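Analysis of the macromolecular model
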Amino acid sequence: MKIIVSDEALEWFEKEMDLEDGDQIRFYARYGGSSPFHEGFSLGMNREQSTNPAVEVKKNNTLFYIEEDDLWFFDNHDLHILVDETLNEIKYDYTKEV
């Protein structure tokens, strides 16, 4: 599995979350909402330090990651992090791993 962060999404994180060099952003399964794979769970994100990352990508000195315990949520799909230009907010897309 991979995490793909668009340039626009990186800019959004830098502006909206006031990222500094070395910050880390975690994506995790949270109870509530829905997702393409699991009713009752949705994707959350938070700025926090990793403990057991299974998937990670560094972009402009920011680490984006998913912990080992949250891999089940993605059902063998890559996570694409994009920006909805109309709403000016982060959106997610998932593609099956090849």
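Right above here is the structure, for reference.
Structure report, in brief. (Residues numbered from 1 in each chain as written. Predicted model: local features only at pLDDT ≥ 70, side-chain atom pairs only at ≥ 80, totals over all residues. Heavy atoms only, no water.)

1. Notes on the sheet that holds strand E1 (residues 3–5)
As summarised here, the arrangement of the three strands in space is E1-E6-E7, forming an open sheet in which the pairing is mixed. Both outer strands of the open sheet, E1 and strand E7 (89–96), are each paired with one neighbouring strand and no more. Looking at each pair of strands side by side, their axes are set apart by 20 degrees on average, direction ignored. Pairing between E1 and strand E6 (residues 77–84): three bridges, direction parallel. The residue of E6 that forms the bridge with Val 5 is Ile 81. Packing against the sheet, helix H1 (residues 7–16) makes contact with E1, E6 and E7, and its axis sits at approximately 65 degrees to E6. (Pairing = 2+ DSSP bridges. Helix = DSSP H or I, 4+ residues; strand = E, 2+ residues; numbered from the N terminus. Axes fitted to C-alpha atoms, helices over the stretch in contact; angles between N-to-C directions. Contact = heavy atoms within 4.5 Å.)

2. Examining the environment of Val 57
Tracing the backbone through its elements, the reader meets Val 57 in strand E4 (residues 53–59). Along the primary structure Val 57 and Ile 3 are separated by 54 residues, whereas in three dimensions their C-alpha atoms are 6.3 Å apart.

3. Side note on the environment of His 80
Here His 80 shows up in strand E6. Considering only alpha carbons, one finds His 80 and Ser 6, 74 residues apart in sequence, at a separation of 7.6 Å. Not counting the four nearest positions on each side in its chain, His 80 is found in contact with Ile 4, Lys 91, Tyr 92, Asp 93 and Thr 95. In terms of polar contacts, His 80 uses its side chain to reach the side chain of Thr 95, at 2.9 Å. (Polar contact = N/O pair within 3.5 Å; in protein donor to acceptor, adjacent residues only side chain to side chain.)

4. Some thoughts on the packing of aromatic side chains
Across all of its chains, the model carries eight aromatic pairs by this definition. Both rings, one in Phe 13 and one in Phe 64, keep their centres 5.3 Å apart while their planes meet at 65 degrees; by these two values the pair is edge-to-face. One end of the pair, Phe 13, is in helix H1; the other, Phe 64, is in strand E5 (residues 62–67), with 51 residues separating them in the sequence. The pair Phe 13 / Phe 64 is uniform in exposure class, with both members buried. Taking 6.0 Å as the distance between ring centres and 85 degrees as the angle between the ring planes, the aromatic pair formed by Trp 72 and Phe 73 counts as edge-to-face. (Phe/Tyr/Trp six-rings, centres within 6.5 Å; stacked < 30°, edge-to-face > 60°. Buried < 20%, exposed > 50% of the residue type's maximum accessible area, 1.4 Å probe, protein only.)

5. Considerations on the pattern of salt bridges
One pass over the structure, following the stated rule, counts four salt bridges. With a shortest N-O distance of 2.9 Å, Lys 59 and Asp 7 are connected by a salt bridge. Placement of the pair is Lys 59 in strand E4 and Asp 7 in helix H1, with a sequence separation of 52 residues. Of the charged contacts in the structure, one is a salt bridge between Glu 48 and Arg 26, with a shortest N-O distance of 3.2 Å. Of this pair, Glu 48 sits in the loop between strand E3 (39–47) and E4 while Arg 26 sits in strand E2 (residues 24–34); the two residues are 22 residues apart in sequence, bridging distant segments of the chain. With a relative accessible area of 26%, Glu 48 lands in the partly exposed category. Each of Arg 26, Glu 48 and Asp 70 takes part in salt bridges that share partners, so that together they form one network. (Salt bridge = Lys/Arg side-chain N within 4 Å of Asp/Glu carboxyl O.)

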